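# Topology and contacts: notes
Letter by letter, the chains look like this.
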Amino acid sequence: MQKQTDISTEELQKAVGIIHEMMDYYNSKVVGQPYLGFAILVAMMTNGHILLESVPGLAKTTAARVLTEAVAGSFSRIQCTPDLIPSDIVGTQTFNMSTNTFDTKLGPVFANFVLLDEINRSSAKTQSAMLEAMQEHEVSIGGQTYKLPEVFCVIATQNPIEQEGTYVLSEAQLDRFLLKVKLNYPDTASEMEILNRIESEVLKESHSVATIEDVVFLQNLCKRVYMDPSIKQYIVDIVQASRFTDQILPPELAQYVAMGSSTRAAITFMQVAKAVALFNGRGYCIPDDVKSMRYSVMGHRIMLNFAAMADGINEETIVDAIIGAVKTP
(Lines give C-alpha, C1' and ligand atoms only; values in the text may rest on other atoms or scores of the structure.)
Protein backbone atom coordinates (compact mmCIF):
# COMPACT_ATOMS: atom_id res chain seq x y z
CA MET A 1 0.00 0.00 0.00
CA GLN A 2 1.44 3.35 -1.06
CA LYS A 3 1.79 5.88 1.73
CA GLN A 4 1.23 9.38 0.44
CA THR A 5 0.78 12.40 2.67
CA ASP A 6 1.20 16.14 2.30
CA ILE A 7 1.59 16.62 6.04
CA SER A 8 5.07 17.90 6.87
CA THR A 9 7.23 16.42 9.64
CA GLU A 10 6.98 19.69 11.59
CA GLU A 11 3.16 19.65 11.44
CA LEU A 12 3.08 16.03 12.53
CA GLN A 13 5.43 16.70 15.45
CA LYS A 14 3.35 19.68 16.53
CA ALA A 15 0.16 17.60 16.40
CA VAL A 16 1.68 14.75 18.39
CA GLY A 17 2.94 17.24 20.98
CA ILE A 18 -0.51 18.80 21.42
CA ILE A 19 -2.19 15.39 21.67
CA HIS A 20 0.32 14.09 24.24
CA GLU A 21 -0.01 17.23 26.36
CA MET A 22 -3.79 16.88 26.39
CA MET A 23 -3.77 13.15 27.19
CA ASP A 24 -1.15 13.61 29.92
CA TYR A 25 -3.31 16.32 31.49
CA TYR A 26 -6.39 14.10 31.24
CA ASN A 27 -4.61 11.11 32.79
CA SER A 28 -3.32 13.29 35.64
CA LYS A 29 -6.94 14.04 36.58
CA VAL A 30 -9.06 11.05 35.56
CA VAL A 31 -8.34 7.50 36.70
CA GLY A 32 -9.60 4.21 35.29
CA GLN A 33 -11.17 5.55 32.09
CA PRO A 34 -8.34 5.89 29.52
CA TYR A 35 -10.58 5.01 26.56
CA LEU A 36 -13.06 7.72 27.56
CA GLY A 37 -10.40 10.44 27.24
CA PHE A 38 -9.20 8.97 23.94
CA ALA A 39 -12.76 8.88 22.55
CA ILE A 40 -13.58 12.47 23.58
CA LEU A 41 -10.30 13.65 22.05
CA VAL A 42 -11.11 11.87 18.77
CA ALA A 43 -14.56 13.52 18.78
CA MET A 44 -12.84 16.85 19.41
CA MET A 45 -10.36 16.30 16.55
CA THR A 46 -13.17 15.50 14.11
CA ASN A 47 -15.55 18.18 15.48
CA GLY A 48 -18.11 15.46 16.15
CA HIS A 49 -20.36 14.55 19.05
CA ILE A 50 -20.19 11.66 21.48
CA LEU A 51 -22.78 9.73 23.49
CA LEU A 52 -21.66 8.18 26.79
CA GLU A 53 -23.68 5.39 28.35
CA SER A 54 -23.10 4.23 31.92
CA VAL A 55 -24.48 4.19 35.41
CA PRO A 56 -23.90 7.42 37.40
CA GLY A 57 -20.55 8.29 38.94
CA LEU A 58 -18.09 7.05 36.32
CA ALA A 59 -16.34 10.38 35.58
CA LYS A 60 -18.31 11.40 32.49
CA THR A 61 -18.76 14.99 33.66
CA THR A 62 -15.23 15.13 35.06
CA ALA A 63 -13.72 13.92 31.78
CA ALA A 64 -15.63 16.56 29.79
CA ARG A 65 -14.57 19.34 32.16
CA VAL A 66 -10.92 18.23 32.26
CA LEU A 67 -10.51 18.20 28.47
CA THR A 68 -12.27 21.58 28.25
CA GLU A 69 -9.79 22.96 30.79
CA ALA A 70 -6.94 21.45 28.79
CA VAL A 71 -7.73 23.62 25.75
CA ALA A 72 -9.07 26.67 27.63
CA GLY A 73 -12.45 26.25 25.94
CA SER A 74 -15.89 27.39 27.06
CA PHE A 75 -17.97 24.75 28.82
CA SER A 76 -21.64 24.48 29.67
CA ARG A 77 -23.67 21.76 31.30
CA ILE A 78 -27.35 21.14 30.58
CA GLN A 79 -29.14 18.88 33.04
CA CYS A 80 -31.97 17.30 31.06
CA THR A 81 -35.38 16.93 32.69
CA PRO A 82 -38.82 16.14 31.24
CA ASP A 83 -39.90 19.79 31.55
CA LEU A 84 -36.86 21.16 29.67
CA ILE A 85 -37.96 23.00 26.51
CA PRO A 86 -35.95 23.86 23.37
CA SER A 87 -35.59 27.55 24.29
CA ASP A 88 -33.87 26.52 27.54
CA ILE A 89 -31.09 25.08 25.36
CA VAL A 90 -30.82 27.27 22.26
CA GLY A 91 -31.97 30.58 23.73
CA THR A 92 -34.97 32.88 23.50
CA GLN A 93 -36.09 36.49 23.06
CA THR A 94 -37.08 38.65 26.02
CA PHE A 95 -38.91 41.96 25.94
CA ASN A 96 -36.86 44.94 27.12
CA MET A 97 -39.31 47.50 28.55
CA SER A 98 -36.72 50.29 28.66
CA THR A 99 -36.05 50.12 24.91
CA ASN A 100 -39.41 48.67 23.88
CA THR A 101 -37.59 45.98 21.86
CA PHE A 102 -36.89 42.28 22.07
CA ASP A 103 -33.41 41.23 23.24
CA THR A 104 -31.95 37.87 22.23
CA LYS A 105 -30.61 35.74 25.06
CA LEU A 106 -28.38 32.95 23.77
CA GLY A 107 -28.71 29.57 25.48
CA PRO A 108 -26.07 27.27 27.00
CA VAL A 109 -25.59 25.49 23.66
CA PHE A 110 -23.30 28.37 22.66
CA ALA A 111 -20.11 26.85 24.08
CA ASN A 112 -17.17 24.88 22.72
CA PHE A 113 -18.07 21.87 24.82
CA VAL A 114 -21.62 21.15 25.90
CA LEU A 115 -22.35 18.40 28.41
CA LEU A 116 -25.91 17.21 27.82
CA ASP A 117 -26.49 15.22 30.99
CA GLU A 118 -29.04 12.39 30.81
CA ILE A 119 -30.26 13.29 27.34
CA ASN A 120 -32.89 10.55 27.48
CA ARG A 121 -34.69 12.42 30.28
CA SER A 122 -35.57 15.33 27.98
CA SER A 123 -38.66 15.22 25.78
CA ALA A 124 -38.51 14.23 22.13
CA LYS A 125 -39.09 17.87 21.08
CA THR A 126 -36.11 19.07 23.13
CA GLN A 127 -33.94 16.20 21.89
CA SER A 128 -34.74 17.12 18.28
CA ALA A 129 -33.85 20.79 18.88
CA MET A 130 -30.47 19.80 20.31
CA LEU A 131 -29.78 17.28 17.57
CA GLU A 132 -30.63 19.92 14.94
CA ALA A 133 -28.08 22.27 16.50
CA MET A 134 -25.53 19.44 16.51
CA GLN A 135 -26.11 18.70 12.84
CA GLU A 136 -26.42 22.23 11.44
CA HIS A 137 -23.98 24.02 13.81
CA GLU A 138 -26.47 26.87 14.00
CA VAL A 139 -29.77 27.71 15.67
CA SER A 140 -32.66 30.02 14.83
CA ILE A 141 -34.04 32.41 17.47
CA GLY A 142 -36.85 34.79 16.60
CA GLY A 143 -36.37 34.21 12.89
CA GLN A 144 -32.64 35.04 12.99
CA THR A 145 -29.87 32.47 12.56
CA TYR A 146 -26.97 32.32 15.00
CA LYS A 147 -23.81 30.34 14.24
CA LEU A 148 -22.42 28.06 16.94
CA PRO A 149 -18.68 28.17 17.82
CA GLU A 150 -16.23 26.79 15.26
CA VAL A 151 -15.17 24.13 17.75
CA PHE A 152 -18.46 22.63 18.95
CA CYS A 153 -18.57 19.24 20.63
CA VAL A 154 -21.61 17.83 22.44
CA ILE A 155 -20.94 15.18 25.08
CA ALA A 156 -24.29 13.58 25.86
CA THR A 157 -24.83 11.03 28.61
CA GLN A 158 -27.56 8.55 29.33
CA ASN A 159 -28.22 6.05 32.09
CA PRO A 160 -29.20 2.63 30.67
CA ILE A 161 -30.53 1.35 34.01
CA GLU A 162 -33.36 3.76 34.78
CA GLN A 163 -36.21 3.74 32.25
CA GLU A 164 -38.93 5.52 34.22
CA GLY A 165 -39.45 9.09 33.04
CA THR A 166 -37.13 8.73 30.05
CA TYR A 167 -37.55 9.20 26.31
CA VAL A 168 -35.43 6.67 24.43
CA LEU A 169 -33.38 8.08 21.55
CA SER A 170 -34.49 6.72 18.19
CA GLU A 171 -32.11 4.94 15.84
CA ALA A 172 -32.07 7.98 13.54
CA GLN A 173 -31.09 10.24 16.44
CA LEU A 174 -28.39 7.84 17.64
CA ASP A 175 -26.91 7.82 14.14
CA ARG A 176 -26.08 11.53 14.47
CA PHE A 177 -23.57 10.85 17.23
CA LEU A 178 -20.09 10.27 15.87
CA LEU A 179 -19.30 7.81 18.66
CA LYS A 180 -21.10 5.97 21.42
CA VAL A 181 -19.05 4.74 24.38
CA LYS A 182 -20.19 2.33 27.07
CA LEU A 183 -18.31 2.79 30.35
CA ASN A 184 -17.58 0.13 32.95
CA TYR A 185 -16.68 0.33 36.63
CA PRO A 186 -12.98 0.95 37.46
CA ASP A 187 -10.91 -1.88 38.95
CA THR A 188 -9.84 -2.01 42.60
CA ALA A 189 -6.49 -0.27 42.12
CA SER A 190 -8.06 2.52 40.06
CA GLU A 191 -10.79 3.08 42.61
CA MET A 192 -8.19 3.38 45.37
CA GLU A 193 -6.28 5.92 43.27
CA ILE A 194 -9.50 7.90 42.76
CA LEU A 195 -9.91 8.21 46.53
CA ASN A 196 -6.30 9.36 46.90
CA ARG A 197 -6.69 12.03 44.20
CA ILE A 198 -9.95 13.30 45.65
CA GLU A 199 -8.29 13.51 49.07
CA SER A 200 -5.34 15.46 47.64
CA GLU A 201 -7.75 17.79 45.77
CA VAL A 202 -6.06 17.20 42.41
CA LEU A 203 -9.21 18.19 40.51
CA LYS A 204 -9.22 21.68 42.03
CA GLU A 205 -5.93 22.50 40.30
CA SER A 206 -6.58 23.39 36.68
CA HIS A 207 -4.59 24.92 33.85
CA SER A 208 -4.59 24.78 30.07
CA VAL A 209 -1.99 22.87 28.07
CA ALA A 210 -3.36 23.85 24.64
CA THR A 211 -5.75 26.33 23.02
CA ILE A 212 -8.88 26.28 20.89
CA GLU A 213 -6.63 27.31 17.99
CA ASP A 214 -4.65 24.09 18.59
CA VAL A 215 -7.89 22.10 18.34
CA VAL A 216 -8.70 23.82 15.02
CA PHE A 217 -5.16 22.97 13.85
CA LEU A 218 -5.74 19.28 14.72
CA GLN A 219 -9.12 19.30 12.97
CA ASN A 220 -7.65 20.74 9.78
CA LEU A 221 -4.71 18.33 9.91
CA CYS A 222 -7.05 15.35 10.33
CA LYS A 223 -8.71 16.19 7.01
CA ARG A 224 -5.33 16.01 5.29
CA VAL A 225 -4.36 12.57 6.63
CA TYR A 226 -3.91 10.26 3.65
CA MET A 227 -6.27 7.32 3.23
CA ASP A 228 -5.46 4.84 0.48
CA PRO A 229 -8.37 3.78 -1.79
CA SER A 230 -7.96 0.21 -0.49
CA ILE A 231 -8.69 1.43 3.07
CA LYS A 232 -11.77 3.31 1.84
CA GLN A 233 -12.93 0.14 0.08
CA TYR A 234 -12.37 -1.77 3.32
CA ILE A 235 -14.63 0.70 5.15
CA VAL A 236 -17.34 0.41 2.49
CA ASP A 237 -17.13 -3.40 2.60
CA ILE A 238 -17.62 -3.39 6.39
CA VAL A 239 -20.66 -1.10 6.20
CA GLN A 240 -22.14 -3.04 3.28
CA ALA A 241 -21.60 -6.30 5.15
CA SER A 242 -23.64 -5.00 8.09
CA ARG A 243 -26.65 -4.67 5.74
CA PHE A 244 -26.35 -8.17 4.27
CA THR A 245 -25.38 -10.22 7.31
CA ASP A 246 -27.37 -13.19 6.02
CA GLN A 247 -24.80 -13.49 3.20
CA ILE A 248 -21.61 -13.22 5.25
CA LEU A 249 -22.36 -14.34 8.82
CA PRO A 250 -23.27 -17.80 10.14
CA PRO A 251 -27.08 -18.20 10.34
CA GLU A 252 -26.93 -18.43 14.14
CA LEU A 253 -25.61 -14.83 14.24
CA ALA A 254 -27.24 -13.33 11.15
CA GLN A 255 -30.71 -14.02 12.59
CA TYR A 256 -30.16 -11.37 15.29
CA VAL A 257 -29.56 -8.37 12.98
CA ALA A 258 -32.68 -6.33 12.18
CA MET A 259 -30.97 -3.45 10.36
CA GLY A 260 -27.45 -2.57 9.24
CA SER A 261 -25.46 0.67 9.33
CA SER A 262 -26.18 3.82 7.33
CA THR A 263 -23.76 5.67 5.07
CA ARG A 264 -22.99 7.91 8.03
CA ALA A 265 -21.14 4.92 9.54
CA ALA A 266 -18.76 4.85 6.55
CA ILE A 267 -18.14 8.60 6.84
CA THR A 268 -17.50 8.20 10.57
CA PHE A 269 -15.10 5.30 10.03
CA MET A 270 -13.06 7.48 7.65
CA GLN A 271 -13.01 10.52 9.96
CA VAL A 272 -12.19 8.47 13.05
CA ALA A 273 -9.48 6.44 11.29
CA LYS A 274 -7.74 9.66 10.24
CA ALA A 275 -7.89 11.01 13.81
CA VAL A 276 -6.52 7.71 15.19
CA ALA A 277 -3.67 7.78 12.65
CA LEU A 278 -2.77 11.32 13.73
CA PHE A 279 -3.06 10.26 17.38
CA ASN A 280 -0.49 7.56 16.64
CA GLY A 281 1.86 9.99 14.91
CA ARG A 282 1.16 9.03 11.32
CA GLY A 283 0.05 11.07 8.32
CA TYR A 284 -1.57 8.04 6.68
CA CYS A 285 -4.14 5.40 7.70
CA ILE A 286 -3.73 1.66 8.14
CA PRO A 287 -6.49 -0.97 8.59
CA ASP A 288 -5.96 -1.06 12.36
CA ASP A 289 -6.99 2.61 12.52
CA VAL A 290 -10.37 1.61 11.11
CA LYS A 291 -10.81 -1.31 13.50
CA SER A 292 -9.57 0.41 16.66
CA MET A 293 -12.88 2.14 17.47
CA ARG A 294 -15.25 -0.26 15.71
CA TYR A 295 -17.59 -0.71 18.70
CA SER A 296 -17.96 3.03 19.23
CA VAL A 297 -18.58 3.66 15.52
CA MET A 298 -20.89 0.74 14.67
CA GLY A 299 -22.39 -0.37 17.98
CA HIS A 300 -25.20 2.18 17.91
CA ARG A 301 -25.65 2.00 14.15
CA ILE A 302 -26.81 -1.61 13.86
CA MET A 303 -30.18 -2.66 15.20
CA LEU A 304 -30.61 -6.04 16.85
CA ASN A 305 -33.97 -7.75 17.29
CA PHE A 306 -35.67 -8.98 20.46
CA ALA A 307 -34.23 -12.48 19.97
CA ALA A 308 -30.73 -11.03 20.45
CA MET A 309 -31.77 -9.48 23.75
CA ALA A 310 -33.39 -12.72 24.88
CA ASP A 311 -30.29 -14.75 23.99
CA GLY A 312 -27.82 -12.27 25.48
CA ILE A 313 -26.24 -11.29 22.15
CA ASN A 314 -24.85 -7.75 22.16
CA GLU A 315 -23.77 -5.35 19.41
CA GLU A 316 -20.06 -5.97 20.09
CA THR A 317 -20.43 -9.65 19.20
CA ILE A 318 -22.06 -8.82 15.87
CA VAL A 319 -19.53 -6.06 15.08
CA ASP A 320 -16.63 -8.45 15.69
CA ALA A 321 -18.28 -11.07 13.46
CA ILE A 322 -18.75 -8.53 10.64
CA ILE A 323 -15.15 -7.24 10.90
CA GLY A 324 -13.91 -10.84 10.96
CA ALA A 325 -15.87 -11.71 7.83
CA VAL A 326 -14.48 -8.83 5.75
CA LYS A 327 -11.06 -9.26 4.17
CA THR A 328 -8.45 -6.84 5.56
CA PRO A 329 -6.38 -5.07 2.84
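All figures in this text were calculated on a predicted structure; none of them were measured in a lab. (Residues numbered from 1 in each chain as written. Predicted model: local features only at pLDDT ≥ 70, side-chain atom pairs only at ≥ 80, totals over all residues. Heavy atoms only, no water.)

## Concerning the packing of aromatic side chains
Applied cut-off: Note on ring pairs: Phe, Tyr and Trp rings are taken, using the six-membered ring of Trp, and paired if centres are within 6.5 Å. Classes follow the plane angle, with under 30 degrees stacked, over 60 edge-to-face and the rest tilted. Relative accessibility decides the category of a residue: with a 1.4 Å probe and only protein chains considered, values under 20% of the type maximum give buried, values over 50% give exposed, and everything between is partly exposed. Only Lys NZ and Arg CZ are tested; either one counts as a charge over a ring when it is within 6 Å of the ring centre and within 35 degrees of the ring normal.
Considering all chains together, one arrives at three aromatic pairs under this definition. A ring pair is formed by Phe 95 and Phe 102, whose centres lie 5.3 Å apart and whose planes are at 65°; its orientation type is edge-to-face. Residue classification places Phe 95 among the partly exposed residues on the basis of a relative accessible area of 42%. Residue Phe 102 is classed as exposed on the basis of its relative accessible area, which comes to 56%. Through successive ring pairs, a cluster of aromatic residues spans Tyr 35, Phe 38 and Phe 279. Across from the ring centre of Phe 217, 4.3 Å away, lies the NZ or CZ of Lys 14, which sits over that ring. The ring centre of Tyr 295 lies 4.7 Å from the NZ or CZ of Arg 294, which sits over that ring.

## Comments concerning unusual backbone geometry
The test is simple: Comment: elements are numbered from the N terminus, with helices defined as DSSP H or I runs of at least four residues and strands as E runs of at least two.
With phi around 55°, Asn 47 is a residue other than glycine that occupies positive phi space. Looking at where Asn 47 falls in the secondary structure, it is placed in the loop between helix H2 (34-45) and strand S1 (50-53). The backbone of His 137 shows a phi angle near 60°, a positive value even though the residue is not glycine. As for its placement among the helices and strands, His 137 is situated in the loop between helix H5 (124-136) and strand S6 (138-141).

## What about the side chain of Lys 29?
Applied cut-off: Positive: Lys, Arg. Negative: Asp, Glu. His and the chain ends are not part of the count. Within this document, salt bridges are pairs made up of a side-chain nitrogen of Lys or Arg and a carboxyl oxygen of Asp or Glu, the two lying within 4 Å of each other. Counted as a polar contact is a pair of N or O atoms within 3.5 Å, where, for protein atoms, one must be capable of donating a hydrogen and the other of accepting one, and residues adjacent in sequence contribute only when both atoms are in side chains. The contact criterion used is simple: two residues touch if any of their non-hydrogen atoms lie within 4.5 Å.
For Lys 29, the location among the structural elements is in helix H1 (residues 9-29). This buried residue, Lys 29, is left without a salt bridge; Glu 69 holds the nearest opposite charge, at 5.0 Å. Within the structure, Lys 29 has its side chain in polar contact with the backbone oxygen of Val 202 (distance 2.8 Å). If we skip the residues at most four places from it in the chain, Lys 29 touches Val 66, Arg 197, Val 202, Leu 203, Glu 205 and Ser 206.

## Details of the nonpolar core
What counts, and what does not: Throughout, nonpolar core names a set of buried Ala, Val, Leu, Ile, Met, Phe, Trp, Tyr and Cys residues whose side chains join them through atoms within 4.5 Å.
In this structure, Ile 50, Leu 179, Ile 238, Leu 278 and Met 293 are the most contacted members of the largest nonpolar core, which totals 83 residues. The biggest single contributor to this core is helix H12 (residues 263-279), with 10 residues. In this structure, Leu 84, Val 109, Val 139 and Tyr 146 belong to the second largest nonpolar core, which totals 26 residues.

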